[in-house]
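Structure at a glance
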Amino acid sequence: EIAYFSPEFGVSKTLPQYSGGLGILAGDHLKAASDLELPLVAVGLFYRDGFFHQSIAADRQREHYERVDPRSLGLEQMPVMVDITMDDRIVKSRVWRADVGRTKLYLLDTDVELNDERGKRVSDRLYGGDREHRMRQELLMGIGGVRALRQLGYDPDVYHLNEGHAGFLALELLGEELDTGKSLDEAVSAVKPRIVFTTHTPVPAGIDRFSHELLERYVGFWADRHGVALDDLLRLAHMPGEDGVFNMAAFCLSVARTSNGVSQLHGEVSRQMFGDVPGGSEIIAITNGVHARTWVASDLQAAFEESMGHDWGVGLQPSWDGVDTLDDDRIRAVQDSGRRRLIDLVNRRVGPRHQLDPGALTIGFARRFATYKRADLILRDLETLGRLLGDEDRRVQFVFAGKAHPADEPGKEILHRVVQFANSDASHGRFIFIPDYQMSVAKIMYAGCDVWLNNPIRPN
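Attention here is on the structure that accompanies the text. What you are looking at is a predicted structure, and each value in this text was computed from that prediction instead of being measured.

**Considerations on the sheet that holds strand β13 (residues 284–285)**
With mixed pairing, nine strands are arranged side by side in an open sheet as β5-β6-β7-β2-β1-β8-β9-β12-β13. Lying at the two open borders of the sheet, with one neighbouring strand each, are β5 (76–86) and β13. One ladder, built from eight bridges, connects β5 with strand β6 (residues 89–100); its direction is antiparallel. From the neighbouring strand, M81 faces β6, where its bridge partner is R94. Packed on one face of the sheet, helix α1 (residues 21–35) meets β1 (2–5), β2 (40–45), β6, β7 (103–109) and β8 (158–162) and runs near 140° to β7.

What follows is the structure, given as structure tokens:
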């Protein structure tokens, strides 16, 4: 059995426990595991405030949160309660279950009456708070997640870390080995065969790091209990040039039997980033995929069924040999249908001031507004862009969407420039920003755009 740990899961718009690609990949993994009947169980946190909703005022992002009731989402409370020691206090967590097809997703939630106010807030919102809050969340997900599975009767053969946020689960596994009299190095050798690690982050700034002081406050009790020197634990999480810092990616690499990047190029980048960390030079590449039946529009799926049979969504070659039998007019009609849905979405979200042209080449950009993804690259030559947007013979239009992390001021500034241009006369009404990007918006944009724009800084 595989236990799949991730800080976010993009399962559907009604379960707002995701912020971007990491969560979407995790949600698609659970659906694919269900389709394939894999023995996989998933673990994460239940964020009472979810991820933020985005509105635009004065061309700038505004964030607001809405409380989420797990019962109203159809989640089932499990008959277990998990205890975690945090800064010399016990924090209790209930566990909710969401069924993703055949796959069970367990989410830990500290908003329980037995906790004090600080304890209740551990699982309050996705990627909120400071370093200490992040550490508390990651201890809950890692150590608490293992304990929850044990209480629920699971004994996984493999623990899959989807990014380094769940890396503290290794402490729970290491502790069990240390209790049998093993040394720390022997315990690492014992747990390694059971851990795999997927790294998603192509830039050092995106990796969680915790100070020696935070580590001592929150993990010191663990080290004392098991007779481990804190410096020896830090050694497992050391990145060259970061003395006294607990680097979560380095820690995961040190305790995992196998680690992978999420594309061939990202594998190369990761081996360079972590080449001086044990296990870093052996990082392999497994290219991201998507759960096709989640994202392909229903009318296009129907066309695929007719020409390629039911197995088109699995990507098998015999099915896709039938792709040439697809009728051009049928595909054009499907695309027109997707464009109409996108036009309806723009009318609802943006209003009548911006009207999409159903006959124009439509280029879409939708992703996090992180600086290295360069959402504003197209604005660097406004004269050429203005000519393109004003051409009545070869009509082209752009649809943008995405959120900047609440603490990412440079990302917010890029978003501001994009929205500002969209609302200017220079856009000719053909450059549109859709606020509050989420899975439901992504599906409609994917079905309604002709071209997808992607221009990060290579090799990021």
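Now that the structure has been shown, the text picks up again.
**Describing the packing of helix α3 (residues 131–151) against helix α6 (residues 212–226)**
Relative placement of two packed helices is described by the angle separating their axes and the distance separating the axes. Where α3 meets α6, the axes come as close as 11 Å, and the angle between the chain directions of the two elements is 30°. Between α3 and α6 lies a crossing of right-handed hand. Along its contact with α3, which presents R131, E132, M135, R136 and L139, the element α6 presents L214, L215, R217, Y218 and V219. Considered class by class, the residues forming the contact of α3 with α6 number six nonpolar, no polar and four charged.

**Quick look at a positive patch on the surface**
On the surface, K13, R348, R349 and K443 cluster together into a positively charged patch. Along the polypeptide, R348 turns up in helix α13 (residues 328–349). For R348, a relative accessible area of 58% gives the class exposed.

**Examining empty space enclosed by the protein**
In the structure shown here, the tally under the stated rule is two cavities of 30 Å³ or more. Size it by volume and the largest cavity reaches roughly 60 Å³. Within the lining of the largest cavity, the residues separate by chemical class into three nonpolar, four polar and two charged. The calculated volume of the second largest cavity comes to roughly 50 Å³. What lines the second largest cavity is P7, L45, Y47, Y127, R134, Q137, E138, M141 and H165. With four residues, the single largest contributor to the lining of the second largest cavity is α3.

Cut-offs used in this document
Residues numbered from 1 in each chain as written. Predicted model: local features only at pLDDT ≥ 70, side-chain atom pairs only at ≥ 80, totals over all residues. Heavy atoms only, no water. Pairing = 2+ DSSP bridges. Helix = DSSP H or I, 4+ residues; strand = E, 2+ residues; numbered from the N terminus. Contact = heavy atoms within 4.5 Å. Axes fitted to C-alpha atoms, helices over the stretch in contact; angles between N-to-C directions. Left-handed = near helix turned anticlockwise from the far one by under 90°. Nonpolar A, V, L, I, M, F, W, Y, C, P; charged D, E, K, R; others polar. Patch = residues over 30% accessible without salt bridge, like charges linked within 9 Å, V, L, I, M, F, W, Y side chains within 5 Å. Areas by Shrake-Rupley, 256 points an atom, 1.4 Å probe, with all protein chains shown as cover. Salt bridge = Lys/Arg side-chain N within 4 Å of Asp/Glu carboxyl O. Lys, Arg positive; Asp, Glu negative; His and termini not counted. Charge placed at Lys NZ, Arg CZ, Asp CG, Glu CD. Buried < 20%, exposed > 50% of the residue type's maximum accessible area, 1.4 Å probe, protein only. 1 Å grid on protein atoms, 1.4 Å probe; cavity = no way out; pocket = protein on both sides within 12 Å on 5 of 7 lines; lining within 4 Å. Points joined across faces, edges and corners; volume = space filled by probe spheres on them.

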